[in-house]
Amino acid sequence: MSDTVKLTYQVSHEDFTRAGEASSDVKRHLKKMGFSPEVVRKVAIAMYEGEINMVIHAKGGTIDVEISPDDILMVLKDVGPGIPDIEKAMQAGYSTAPDNVRALGFGAGMGLPNMKQYSDEMEIDTKLGVGTTVTMKVYQG
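Residues numbered from 1 in each chain as written. Predicted model: local features only at pLDDT ≥ 70, side-chain atom pairs only at ≥ 80, totals over all residues. Heavy atoms only, no water.

1. Looking at the sheet that holds strand 2 (residues 61–67)
In plain terms, the rule: Should DSSP find at least two bridges between two strands, the strands are regarded as paired. By the criteria applied, helices consist of DSSP H or I runs no shorter than four residues and strands consist of E runs no shorter than two, each listed in order from the N terminus. Angles shown run from 0 to 180 degrees and are taken between the N-to-C directions of axes, each axis being a line fitted to C-alpha atoms and, for helices, limited to the stretch in contact. Contacts are assigned to residue pairs with any non-hydrogen atoms lying within 4.5 Å of each other.
The 5 strands are arranged 1-2-3-5-4 in an open sheet whose pairing can be described as antiparallel. What marks the edges here is a single partner per strand, and that holds for strand 1 (5–11) and strand 4 (121–127). When the angles between neighbouring strand axes are averaged without regard to direction, this sheet yields 10°. Two strands pair when backbone bridges link them, and strand 4 and strand 5 (residues 131–139) are joined in this way by 7 bridges, in the antiparallel orientation. Looking across to strand 5, one finds that Glu121 is bridged to Lys137. Against the sheet, helix 2 (residues 37–57) touches strand 1, strand 2, strand 3 (71–78) and strand 5, its axis set at about 5° to strand 3. Here helix 5 (residues 111–118) sits on the sheet in contact with strand 4 and strand 5, set at roughly 145° to strand 4.

So, in structure tokens, the structure goes:
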């Protein structure tokens, strides 16, 4: 596991049929590369939550993943409204998801809190009317 693997995914706005494909693909890669089940689980949860947030709130975006022997770096960059109040958005249960999204079982307000909980490092860079970039890192052990 000496080489770095770089993966890029496109995420489409409101495409719930494909939501989760990127995180599932990264999970498969990590398992094949021999990462521990705990690391695989953390990455899969953190990335899935971010991917779903992009589908719900943004007008699409990209996820770049860099897998190295020491860590997994995930950069989720969207073109969306931005996050007006990060502190409020980080509160468990706070959600701005519309009713039609909630009816599908999404938008419970756990996305960002779960991303923070399951990553070892997380940074949010957001600009209103431009978009949001969330950078997460999970360490090998």
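Now that the structure has been shown, the text picks up again.
2. Observations concerning the environment of Ser119
Stated precisely, the cut-off is as follows: Only protein chains enter the area calculation, which uses a 1.4 Å probe; residues under 20% of their type maximum are buried, those over 50% are exposed, and those in between are partly exposed. The definition of a polar contact used here is a pair of N or O atoms within 3.5 Å, where within protein one atom must be able to donate a hydrogen and the other to accept one, and adjacent residues in sequence count solely through side-chain atom pairs.
With respect to the helices and strands, the residue Ser119 is situated in the loop between helix 5 and strand 4. Residue classification places Ser119 among the buried residues on the basis of a relative accessible area of 7%. Considering only alpha carbons, one finds Ser119 and Val43, 76 residues apart in sequence, at a separation of 7.0 Å. Every residue in contact with Ser119, bar those within four places of it in the chain, is listed here: Met136, Lys137 and Val138. There is a polar contact of 2.7 Å between the side chain of Ser119 and the backbone oxygen of Met115. Side-chain polar atoms of Ser119 contact the backbone oxygen of Glu121, separated by 3.4 Å.

3. Looking at helix 1 (residues 21–32)
Under the convention used in this document: A helix is expected to span 1.5 Å multiplied by its residue count minus one.
The terminal C-alpha atoms of helix 1, which comprises 12 residues, lie 17 Å apart, in line with the 16 Å expected from a rise of 1.5 Å per residue. On its buried face, helix 1 sits against strand 1, helix 2, strand 2 and strand 3. One or two residues past the end of helix 1 sits Gly34, with phi positive at roughly 85°.

4. Things to note about the pattern of salt bridges
Counted only if it meets this: When a carboxyl oxygen of Asp or Glu lies within 4 Å of a side-chain nitrogen of Lys or Arg, that pair is called a salt bridge.
Scanning the model with the defined rule gives 6 salt bridges in all. Here Lys137 ties to Asp71 by a salt bridge, and the two come within 4.0 Å at their closest N and O atoms. Taken together, the residues span a long stretch of sequence, with Lys137 in strand 5 and Asp71 in strand 3 at a distance of 66 residues. Note on Asp71: relative accessible area 14%, which makes it buried.

Shape is all these values report; function is a separate question.
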